[in-house]
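Residue strings, one per chain:
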Amino acid sequence: MFDNAAKTLSKGEVSEVVKSGIGLHIVRKDDEKLVEAQPYDSVKQEIALTLEVRQRNERVKTFIDSLAEEASIQYADATYEDLFQTP
């Protein structure tokens, strides 16, 4: 999302609105730097933690989705019904 928007911009340029899973964003490219790859041993704990958090979040999402499927949800105000629909 952000990477794709930033790659197409020139330095100082501002993107159109970019939609992500957490909202709408505008990207401005101030600078561009090449980052050298870090040795695996120096980042493996961070990688392991990131993967663990992703797996935990996916299990929680799966559990919540299963509860929502089994639940009988009634909205007092139909205006809010579309906000809470599961895909």
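Below you will find a few notes about this structure.

What counts, and where the lines are drawn
- Residues numbered from 1 in each chain as written.
- Predicted model: local features only at pLDDT ≥ 70, side-chain atom pairs only at ≥ 80, totals over all residues.
- Heavy atoms only, no water.
- Pairing = 2+ DSSP bridges.
- Helix = DSSP H or I, 4+ residues; strand = E, 2+ residues; numbered from the N terminus.
- Polar contact = N/O pair within 3.5 Å; in protein donor to acceptor, adjacent residues only side chain to side chain.
- Contact = heavy atoms within 4.5 Å.
- Patch = residues over 30% accessible without salt bridge, like charges linked within 9 Å, V, L, I, M, F, W, Y side chains within 5 Å.
- Areas by Shrake-Rupley, 256 points an atom, 1.4 Å probe, with all protein chains shown as cover.
- Salt bridge = Lys/Arg side-chain N within 4 Å of Asp/Glu carboxyl O.
- Buried < 20%, exposed > 50% of the residue type's maximum accessible area, 1.4 Å probe, protein only.

**What about the pairing of strand S1 (residues 14-20)?**
As a general feature of sheets, a regular strand has side chains that alternate between the two faces.
Here comes step 1: Where S1 meets strand S2 (residues 23-28), five bridges bridge the pair, whose relative direction is antiparallel. What sits directly across from Ser20, in S2, is Gly23.
Here comes step 2: The turn joining S1 and S2, which pair antiparallel and follow one another in sequence, is formed by two residues.

**A closer look at the side chain of Lys29**
Here comes step 1: Relative to the assigned elements, Lys29 resides in the loop between S2 and helix H2 (40-70).
Here comes step 2: Of note is the side chain of Lys29, whose polar atom sits 3.1 Å from the backbone oxygen of Leu9.
Here comes step 3: Sequence-distant contacts of Lys29, that is, excluding residues within four places in its chain, are made with Ala6, Lys7, Leu9, Ser10, Lys11, Gly12 and Glu13.

**Here we look at a nonpolar patch on the surface**
Here comes step 1: Judged by side-chain polarity, Val14, Val17, Leu24 and Ile26 come together as a nonpolar surface patch covering roughly 420 Å² of accessible area.
Here comes step 2: Among the secondary structure elements, those contributing two or more residues to the nonpolar patch are S1 and S2.
Here comes step 3: Relative to the assigned elements, Val17 resides in strand S1.
Here comes step 4: In this structure Val17 comes out as exposed when scored by relative accessible area, which is 55%.

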